[in-house]
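Each chain, letter by letter, is given below.
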Amino acid sequence: MVKRLFARKPLALLLEEAQGENRLRRVLGPVGLTSLGIGCIIGTGIFVLTGVAAHDKAGPALMLSFLVAGIACIFAALCYAEFASMVPVAGSAFTYAYATLGEVFAWIIGWDLVLEYTVASAAVAHGWSKYLQALLSPFLERLQVTFPALIADTPFDLNSAGELVRTGSLFDLPAVLIAAIITAVLVKGIKESAWVNTVMVIVKVAVVLFVIVAGLFYVDPRNWHPFAPYGYSGISLFGKTLFGQAGPGGAPLGMLAGAAIMFFAYIGFDSVSTHAEEAKNPQRDVPIGIIASLLICTGLYIAVTAVLTGMVPYDRLDINAPVAKAFEYAGLEWAQILVSIGAVAGITSVLLVLMLSQPRVLLAIARDGLLPEKFFGAVHERFRTPWKSTILTGIVVGTIAGLIPLRILADLVNIGTLLAFVIVCLAVLIMRRTHPEAKRPFRCPWVPTIPILGVFMCVMLMFSLPSENWWRLGIWMAIGMLIYGFYGRKHSVMRRIHEKAKAAPPAETEASAP
């Protein structure tokens, strides 16, 4: 039994499944994949969380925070790219773990990815709602009307002391509606989804470039002093600060603490690998899409942070809409509408890619029998999309986004993503040792140095997150292990293969019989 738990799925079987009747349509090239990566990366992180991180955690040193988080992601991206070129099928880290670490680890990472994509989608939908309301507010004021409070927010929120307080709303209707609209687009098809995403990526990248170029004329270098008001460290262990300053409640402060928070801004580059089965030339295009999208976004993040903290003193940055408010601070109120349009487009594209990736992870898990294949593995005959799991994802995301506040959702995402990155980096080391002969169209350079550095940096950022994240991750994983124990283990495709092989008479014995 223990041996079956750690059974690895052969690469040949993975590739064979991708050619079956439930295969997805190959329509994406390197530009489309890079666009999907940028579409998922640039969004809530840069438009919303930059203000919180600079104001409360790092100050102008947030530029270095983005660099540190970006380096950690680059290490993981190189490992992702190697596996994506070897195993060009849907499933991302789940598929990679199954081929290298075994079934039980594959389930753990797959269940972790379900948490990552679901909660991140809900958090992004909630942020989209706030920017839409901010965009509509000036026009509604001219009409002397206000957005209905009962449908403008979640029913409760967290105050500065971490206590639950009522908001006076019933649910966040805009968040629910955007989840429903994105779901309908995704059911229609990946080609149409990619086209919509590309248009929104062009809009938001144009706005980001506008922020950088226009903002340069209003930068005052004196605002960058002190550069690191909270220091350059900020490392904790299960909520206890080990190095650097500590804020209210013992939360770590400093440049590294800012990196742990802004890691949320990089979530999404790994989603490119979940679309390997839909790439025209996955061995070439997926590595290009992963690495190109990450490098482009890292450069844009550092530039935007430099401009924002140069335009406005870090302690005066707005927490909810820092980019738009920075131009208001500079007296450019007309730019607020332009920036808000870009923010809505940017956050929409993030939501599209996250909700696009989730059903494909469920599809990969269902193919292996760990979830019901008739539902999660169903591919629409006409659209060739995993339509049932896409609709379920939309329902769950809309419900969570409409009822649970952003502060709780955002905290749940980072630790799960970092855990996925750690497993992928370890898997590269294991695969190089166990399958040195395997074909690798893209090879991660400087192995084992790059994977080891990836593990180290991701673990460091995990330990810089508040302790409650570990508890929430533990509870989610416990639920997942119950599902695996009562369903997945019994219906596993690998288990059926082993039982069939065990029941069949050995060929060698038959050949030697008199």
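What you are looking at is a predicted structure, and each value in this text was computed from that prediction instead of being measured.

J.: Tell me what's going on with the overall build of the chain, and back it up with residues and numbers.
T.: What the chain contains, in helices and strands, is 20 helices and 6 strands. Out of the 514 residues belonging to the chain, those deemed buried represent 57%. Taking contacts inside the chain between residues at least 6 apart in sequence as the whole, the part at least 24 apart equals 79%. In the structure as shown, the chain presents an accessible area of about 20,900 Å², 68% of it carried by carbon and sulfur atoms.

J.: Which residues make up the packing of helix 3 (residues 30-41) against helix 11 (residues 282-311), and what values go with them?
T.: Two elements in contact, helix 3 and helix 11, have axes whose closest approach is 8 Å; the angle formed by their N-to-C orientations is 40 degrees. The angle between helix 3 and helix 11 places the two elements in the oblique class. Crossing of helix 3 over helix 11 shows right-handed handedness. For the pair helix 3 and helix 11, contact is made by Pro30, Leu33, Thr34, Gly37, Ile38 and Ile41 and by Arg284, Asp285, Val286, Ile288, Gly289, Ala292, Ser293, Leu294, Ile296, Cys297 and Tyr301, respectively.

J.: Can you tell me about the pattern of salt bridges, naming the residues and giving the values?
T.: Applying the stated rule across the entire model yields 5 salt bridges. Lys130 serves as the salt-bridge partner of Asp153, at 3.3 Å between the closest nitrogen and oxygen. One end of the pair, Asp153, is in the loop between helix 7 (103-142) and strand 1 (156-158); the other, Lys130, is in helix 7, and 23 residues separate them in sequence. Notably, a salt bridge pairs Lys325 with Glu328, separated by 3.3 Å at the nearest N-O pair.

J.: I'd like to hear about unusual backbone geometry, residue by residue, with values.
T.: Along the chain, His225 connects to Pro226 via a cis peptide bond; the corresponding omega equals 0 degrees. Structurally, Pro226 is set in the loop between helix 9 (190-216) and strand 3 (235-237). The peptide bond linking Val447 to Pro448 adopts the cis configuration, its omega dihedral lying at 15 degrees. Tracing the chain through its elements places Pro448 in the loop between helix 16 (406-434) and helix 17 (449-462). Phi at Trp446 takes a positive value of approximately 55 degrees, unusual for a residue other than glycine. Following the sequence through the fold, Trp446 ends up in the loop between helix 16 and helix 17.

J.: Before we move on, can you summarise the packing of aromatic side chains with the specific residues and values?
T.: Within this structure, the stated rule accounts for 14 aromatic pairs. Relative to Phe421, the ring of Phe263 lies with its centre 5.6 Å away and its plane at 70 degrees, an arrangement referred to as edge-to-face. Within this pair, whereas Phe263 is found in the loop between helix 10 (255-262) and helix 11, its partner Phe421 is found in helix 16, the two being separated by 158 residues in sequence. Phe421 matches Phe263 in its accessibility class, with the two residues each being buried. Three or more aromatic residues joined by ring pairs make a cluster, and in this case those are Trp107, Trp111, Trp476 and Tyr484.

J.: An account of the nonpolar core is requested, with residue identities and associated values reported.
T.: If you look at the biggest cluster of nonpolar residues, it comprises 152 residues, and the most contacted ones within it are Ile42, Phe47, Tyr80, Phe94 and Phe269. Ranked by residues supplied to this core, first place goes to helix 7 with 19 residues.

J.: Describe a nonpolar patch on the surface, with residues and values.
T.: Residues Phe139, Trp195, Val199, Val203, Ile337 and Ile341 make up a contiguous nonpolar surface patch of about 540 Å² in total accessible area. Elements supplying a minimum of two residues to the nonpolar patch: helix 9 and helix 13 (334-367). The element contributing the most residues to the nonpolar patch is helix 9, with 3 residues.

J.: Talk me through helix 8 (residues 173-188); I want residue IDs and the actual numbers.
T.: In this model helix 8 runs 23 Å from its N-terminal to its C-terminal C-alpha over 16 residues, within 8% of the 22 Å that 1.5 Å per residue would give. Residues of helix 8 that are buried: Pro174, Ala175, Ile178, Ala179, Ile182, Thr183, Leu186 and Val187. Positive phi shows up at Gly189, right after helix 8, with a value of about 155 degrees.

J.: Give a detailed account of the packing of helix 7 against helix 15 (residues 387-403), specifying residues and quantitative values.
T.: To characterise two packed helices, one gives the angle between the axes of the helices and the distance between these axes. It is at 8 Å that the axes of helix 7 and helix 15 come closest, and there the two elements cross at 55 degrees. Relative to helix 15, the element helix 7 lies oblique. Helix 7 and helix 15 meet at a crossing whose hand is right-handed. Counted together, Thr118, Ser121, Ala122, Ala125 and His126 of helix 7 and Val396, Val397, Ile400 and Ala401 of helix 15 form the full contact between these two elements. Of the residues assigned to the contact of helix 7 with helix 15, the class counts are 6 nonpolar, 3 polar and no charged.

Basis of the calculations
Residues numbered from 1 in each chain as written. Predicted model: local features only at pLDDT ≥ 70, side-chain atom pairs only at ≥ 80, totals over all residues. Heavy atoms only, no water. Helix = DSSP H or I, 4+ residues; strand = E, 2+ residues; numbered from the N terminus. Buried < 20%, exposed > 50% of the residue type's maximum accessible area, 1.4 Å probe, protein only. Contact = heavy atoms within 4.5 Å. Areas by Shrake-Rupley, 256 points an atom, 1.4 Å probe, with all protein chains shown as cover. Axes fitted to C-alpha atoms, helices over the stretch in contact; angles between N-to-C directions. Parallel < 35°, antiparallel > 145°, perpendicular 65-115°, else oblique. Left-handed = near helix turned anticlockwise from the far one by under 90°. Salt bridge = Lys/Arg side-chain N within 4 Å of Asp/Glu carboxyl O. Phe/Tyr/Trp six-rings, centres within 6.5 Å; stacked < 30°, edge-to-face > 60°. Core = buried A, V, L, I, M, F, W, Y, C linked by side-chain atoms within 4.5 Å. Patch = residues over 30% accessible without salt bridge, like charges linked within 9 Å, V, L, I, M, F, W, Y side chains within 5 Å. Expected span 1.5 Å × (residues − 1). Nonpolar A, V, L, I, M, F, W, Y, C, P; charged D, E, K, R; others polar.

Remember that the coordinates give geometry; whether it matters functionally is a separate question.
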